[in-house]
Amino acid sequence: LEARPALSGDSAALREAIASAAPAFDRTAEDGVRFRIYRFGTLEVRTTQEHEGEEEVGAIFSARSSMQARGAQHRQQARDFEPVVRATELIEAAPPAVGGRRCYVVLETEAGHSIVTEKLPDG
């Protein structure tokens, strides 16, 4: 997760989105403070609410794909004709501006390599 301090938790659009969304995480601590996490595509909004108080946005994060997060860390290449033993398709929600979803396929090879592909909005 990457902090997005430039995004304002006070914006009317964000407040409206939170009011109409179901939280991905919703727990109440012993002291009555309620902690929630909302996910909107790659954005994650974390809120708190004192007992009988108003819900307040505490932090906004942007989730990066695992490939972006790893950067140049993993540059090993699978060999030509290395057998693929598993293929997994992952679909994540995304804002309508980028097609409403992001699609990835992870191919795992017999030698333990992982190959990740992403279908970009332009095909």
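In the block above lies the structure referred to throughout.
Residues numbered from 1 in each chain as written. Predicted model: local features only at pLDDT ≥ 70, side-chain atom pairs only at ≥ 80, totals over all residues. Heavy atoms only, no water.

A. Spatial organisation of unusual backbone geometry. Despite not being glycine, Glu 52 has its phi angle at roughly 60°, a positive value. Structurally, the position occupied by Glu 52 is in the loop between strand 4 (43-49) and strand 5 (56-62). In the Ramachandran plot, Phe 81 falls in the positive-phi region, its phi being about 65° despite a non-glycine side chain. For Phe 81, the position within the fold is in the loop between helix 2 (66-70) and strand 6 (84-93). (Helix = DSSP H or I, 4+ residues; strand = E, 2+ residues; numbered from the N terminus.)

B. Region of interest: the sheet that holds strand 7 (residues 101-109). Here we have three strands laid out as an open sheet, ordered 6-7-8, and antiparallel in their pairing. Taken across any chain shown, the strands that pair with only one partner, and hence form the sheet edges, are strand 6 and strand 8 (114-119). Between one strand and the next, the sheet's axes are offset by a mean angle of 20°, whatever the strand orientation. (Pairing = 2+ DSSP bridges. Axes fitted to C-alpha atoms, helices over the stretch in contact; angles between N-to-C directions.)

C. Structural context of a negative patch on the surface. A cluster of acidic side chains, namely Glu 30, Asp 31, Glu 50, Glu 54 and Glu 56, defines a negative patch on the protein surface. For Glu 56, the position within the fold is in strand 5. (Patch = residues over 30% accessible without salt bridge, like charges linked within 9 Å, V, L, I, M, F, W, Y side chains within 5 Å. Areas by Shrake-Rupley, 256 points an atom, 1.4 Å probe, with all protein chains shown as cover. Salt bridge = Lys/Arg side-chain N within 4 Å of Asp/Glu carboxyl O. Lys, Arg positive; Asp, Glu negative; His and termini not counted. Charge placed at Lys NZ, Arg CZ, Asp CG, Glu CD.)

D. Expanded view of the pairing of strand 8. Pairing of strand 7 with strand 8, which is carried by six bridges, proceeds in the antiparallel orientation. Looking at strand 8, one finds that Val 105 is bridged to Thr 117. In this structure, the hairpin formed by strand 7 and strand 8 is closed by a connection of four residues, where Gly 112 is found at a positive phi of approximately 95°.

E. Local environment of the environment of Ala 3. Tracing the chain through its elements places Ala 3 in strand 1 (residues 2-3). C-alpha of Ala 3 to C-alpha of Ile 60: the two residues are 57 residues apart in sequence and 6.2 Å apart in space.

F. Structural detail: the side chain of Glu 44. Looking at the element boundaries, Glu 44 is found in strand 4. A distance of 3.0 Å separates the side chain of Glu 44 from the side chain of Arg 39, its partner in a polar contact. Reaching out from Glu 44, the side chain makes a polar contact with the side chain of Arg 46 at a distance of 2.7 Å. (Polar contact = N/O pair within 3.5 Å; in protein donor to acceptor, adjacent residues only side chain to side chain.)

G. How the structure looks around the pattern of salt bridges. Inspection of every chain in the model, using the stated rule, returns six salt bridges. In this structure, the salt-bridge partner of Glu 44 is Arg 46, at a minimum N-O distance of 2.7 Å. When its relative accessible area of 6% is taken as the criterion, Glu 44 is described as buried. Take Arg 46: its relative accessible area is 32%, and that puts it in the partly exposed class. The partner of Glu 108 in a salt bridge is Arg 86, and the shortest N-O contact between them spans 3.9 Å. Note that Glu 108 is positioned in strand 7 and Arg 86 in strand 6, a separation of 22 residues in sequence. (Buried < 20%, exposed > 50% of the residue type's maximum accessible area, 1.4 Å probe, protein only.)

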